[in-house]
Amino acid sequence: MKLFNYIFLIFPFLGFSQELITNVPNRVTTSLNGEWNYIVDQYETGYYSFHRDAYDQQKGFQKSAFYSNYHAQNKQELVEYDFDKSPTMTIPGDWNSQKENLFYYEGNIWFKKSFDYDLKENKRLFAYFGAINYKAEVYLNGIKLGIHEGGFTPFNFEVTSIIKEKDNFLVVKVDNTRRKEAVPTLNTDWFNYGGITRDVLLIEEPKSFIQDYTIQLKKGEKNTISGFVKINNFDKSADFVTVKIPELKINYKGKIDADGIINFEITNKKIEYWSPESPKLYDVSVAYNNQVLKENIGFRTIETKNAQIVLNGKPVFLRGISIHEENAKGGRAYTEQDAVRLLTWAKELGCNYVRLAHYPHNENMVRLADKIGLMVWEEIPVYWTVDFTSLETYKNAENQLVEMITRDKNRCSTIIWSMANETPISDARNTFINNLNAKARSLDNTRLISAALLTKSDGLNSYVDDAIAENLDIVAFNEYLGWYGGNLDDAEKIQWTSKYNKPVVVSEFGGGAKQGLHGEKNERWTEEYLEYLYIQNLKMIDKIPNISGLSPWILVDFRSPRRLLPGIQDGYNRKGLISNDGNKKKAFFVLKEFYNQKTKPH
Ligand code: GCB
């Protein structure tokens, strides 16, 4: 079939965008993963006419004079394009690591998948995308479902009225062009992997169904589970929801409000709390009408008290590591095995906590953290210099925040939502982040809010002085003593002070070393340099007032176009404790030993 046929069938944008369906791994789904045809479209020829009019954005498109005249006068069918004769690539998967000739490609690629689907009369169907980097425009059978912006969060569109029994064609235009106003912006220190990078699924649901719910311990309570259940297309003839946790003998039944939502509280004194040492999860089921949705959920409290982080009533020290979502071959990670590979290393290091930087990772990661016992910091890509003055940028960042929280709010492992990383202080930036902070709290008052801040130094005195810290629960900062300045031999002389009576977390420190390169401890890029850098930084960090945890930078070397040094970096940021091919550097064992000793909080 020709690209022409796909795009000229398109109606004007119909506003199909839907609220997010959650707990997708436990729903009735059909996978559209596998081989998809693709067309690299550098000039967006399938999207714009020769005078750069977008084909699918004409008002009243089908009837417009422009549309009919266009054919009559121009006869510009895109005869050069043919999806079915185009090459294929595996979805999910970024294009850069799959196709050698697309390694550096940033731009537009069209993807197409054909499939049959037998949808029964009383059912509804949704097309679900785990993540597409960066901007996705989605069409089914020539009808535009909608647009999604943001490369790391899920979205879905209803397709009930469009789906056919045979020969459906799902077409997605993916654009990973970096833009100043985007989130993230033009400049980052990670690779801009483009493509359909997470699962594509069809979710089948009854006419009226459970769309979303929260089931977590109520803020400040250890014996009360609270939350809501939200019904999509609420059917008043069946107005009860049940929440069951058999092991706790919980069998709650409640009446749904007229708007399709029920808020509930369930008291139970026998709850065994989730913790990294004992990652207890309960079988939970939520039922409505004839639908039963199951999930494993853990319960724990998380709060701050006297400048400490307190888990289940006890102070806890976050023995962490930062992680980028990259796989063994140098591509965007997405499988369960990828998650196992990364989090097993974190466990081996003695971690009870991971910082999933700098964007929401695959849902597998957080579900696995629940299961094996790792506390998690989740983050949105409000990184460095996003355009803090732009309302469009703010709305985009907020949308990504909402999608992250909506997806992961039942994961007990997630204890921190982070709003930003190393953002330069200004009034516009302060307002931007304070607004994100307020939004996060309005959606979830149970977790802690933080952001990775920058530090200031005055001789050997170091400190954070940042207005947004007043509104954060944890003052987190990145420091690079011995790499981006400072003398490692001064480590123990440096005095950290804090004007905030809050827990402090060092969200990053580190340096580069090429695994296998040996030398003296003062020789940059050697394993010995990094080893010494860790020894000295850990001595310093241990003495920071209110220090409550750390997540050094970073578990594994990762690709970054900013890292250009031949023979050493070769396109990789070398601050990993482990090389990209899986070999541990000496510094890994320094941190492991530190964590071994660090069984108690300060
Ligand atoms: C940072 C950034 C991180 C970079 C790192 C580095 O402060 O937060 O994204 O990769 O430094 O290696 O410079």
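Above this text sits the structure in question.
Here's what I pulled together on the structure shown here. Keep in mind that what you see is a predicted model, and the values were worked out from it rather than measured.

About the criteria used
Residues numbered from 1 in each chain as written. Predicted model: local features only at pLDDT ≥ 70, side-chain atom pairs only at ≥ 80, totals over all residues. Heavy atoms only, no water. Buried < 20%, exposed > 50% of the residue type's maximum accessible area, 1.4 Å probe, protein only. Helix = DSSP H or I, 4+ residues; strand = E, 2+ residues; numbered from the N terminus. Pairing = 2+ DSSP bridges. Axes fitted to C-alpha atoms, helices over the stretch in contact; angles between N-to-C directions. Parallel < 35°, antiparallel > 145°, perpendicular 65-115°, else oblique. Left-handed = near helix turned anticlockwise from the far one by under 90°. Contact = heavy atoms within 4.5 Å. Polar contact = N/O pair within 3.5 Å; in protein donor to acceptor, adjacent residues only side chain to side chain. Near = heavy atom within 4 Å. Areas by Shrake-Rupley, 256 points an atom, 1.4 Å probe, with all protein chains shown as cover. Nonpolar A, V, L, I, M, F, W, Y, C, P; charged D, E, K, R; others polar. Salt bridge = Lys/Arg side-chain N within 4 Å of Asp/Glu carboxyl O. Disulfide = S-S within 2.5 Å. Phe/Tyr/Trp six-rings, centres within 6.5 Å; stacked < 30°, edge-to-face > 60°.

1. Quick word on the pairing of strand β3 (residues 88-91)
Of the two faces of β3, only one is covered, namely that formed by M89 and I91; the face formed by T88 and T90 stays uncovered. In this sheet, β3 lies alongside strand β2 (residues 34-40) in antiparallel orientation, the contact comprising four bridges. Bridging from a neighbouring strand, W36 pairs with M89 of β3.

2. Brief notes about the packing of helix α3 (residues 336-348) against helix α4 (residues 363-372)
Relative orientation of the contacting elements α3 and α4 amounts to 45°, with a least axis distance of 9 Å. Put simply, α3 runs oblique to α4. The chirality of how α3 crosses α4 is right-handed. On the side of α3, the interface is formed by E336, A339, V340, L342, L343 and K347, while α4 contributes N364, M365, L368, A369 and I372.

3. Side note on the sheet that holds strand β9 (residues 155-158)
Pairing within the open sheet is antiparallel, and its four strands lie in the order β1-β12-β5-β9. The sheet terminates laterally at β1 (29-31) and β9, the two strands that pair on one side only. Averaged over all adjacent pairs, the angle separating strand axes in this sheet is 25°, with direction ignored. When strand β5 (residues 123-129) meets strand β12 (residues 200-206), the two strands line up antiparallel, connected through seven bridges. Bridged to R124 within β12 is E205.

4. Quick notes on the side chain of Q536
When you line up the elements, Q536 lands in helix α7 (residues 527-542). The buried category is assigned to Q536, whose relative accessible area is 5%. A distance of 2.9 Å separates the side chain of Q536 from the side chain of K539, its partner in a polar contact. What Q536 contacts, discounting residues up to four positions off in sequence, is L488, D489 and A491.

5. Some thoughts on the site of the ligand
Close to the ligand lie 14 residues, the nearest being D189, H358, E422, Y484 and K575. In this structure, Y383 approaches the ligand through a side-chain N or O atom, which is 2.6 Å from an oxygen atom. In this structure, R563 approaches the ligand through a side-chain N or O atom, which is 3.1 Å from an oxygen atom. Contact with the protein chains removes 97% of the 320 Å² of surface that the ligand exposes when unbound. Class assignment of the residues belonging to the shell around the ligand gives a composition of five nonpolar, four polar and five charged.

6. Things to note about the side chain of N141
Secondary-structure assignment places N141 in the loop between β7 (135-140) and β8 (143-149). The exposure class assigned to N141 is buried, which follows from its relative accessible area of 12%. Within the local environment of N141, its side chain forms a polar contact with the backbone oxygen of I162, the two atoms lying 3.1 Å apart. Within polar-contact distance, the side chain of N141 engages the backbone nitrogen of F169 at 2.8 Å.

7. As for the pairing of β9
What you see with β9 is no split at all: F155 and F157 on one side and N156 and E158 on the other are buried throughout. Relative to β9, β5 is paired through four bridges, and the arrangement is antiparallel. Paired with F129 across the bridge in β9 is F155.

8. Describing the sheet that holds strand β21 (residues 308-311)
Across a sheet, paired strands are connected by hydrogen bonds in the backbone, their directions being either parallel or antiparallel. The strand order across the open sheet built from three strands is β20-β21-β22, with neighbouring strands paired in antiparallel fashion. Edge positions in the sheet fall to β20 (302-305) and β22 (314-315), since each has one partner strand and no second. One ladder, built from two bridges, connects β21 with β22; its direction is antiparallel. Bridging from a neighbouring strand, L311 pairs with K314 of β22.

9. Digging into the pattern of salt bridges
Summed over all chains, the structure comprises 41 salt bridges. One salt bridge connects D118 with K120, and the closest N-O pair in it is separated by 3.1 Å. For K120, a relative accessible area of 47% gives the class partly exposed. Among the ionic pairs, D465 bridges to K499, the shortest N-O distance being 2.8 Å. Here K499 lies in the loop between β31 (495-497) and β32 (504-508) and D465 lies in the loop between β29 (461-463) and β30 (475-478), a separation of 34 residues in the sequence. Bridged by salt links that share partners, the residues E295, E363, R367, D370 and R411 form one connected network.

10. Quick word on the state of the cysteines
Here the structure, examined in full by the defined rule, presents zero disulfides. Distance from the sulfur of C351, which forms no disulfide, to the nearest cysteine sulfur (C412) is 17 Å. Residue classification places C351 among the buried positions, given a relative accessible area of 5%. Look at C412 and you get buried, because its relative accessible area is 0%.

11. Some thoughts on the packing of aromatic side chains
Enumeration over the complete set of coordinates arrives at 27 aromatic pairs. With a centroid separation of 5.1 Å and 20° between ring planes, the pair formed by F129 and F155 is classed as stacked. Of the two residues, F129 is situated in strand β5 and F155 in strand β9; the sequence distance between them amounts to 26 residues. There is no split in this pair, since F129 and F155 are both buried. Relative to F432, the ring of F388 has its centre 4.9 Å away and its plane inclined at 90°; by these criteria the two rings are edge-to-face.

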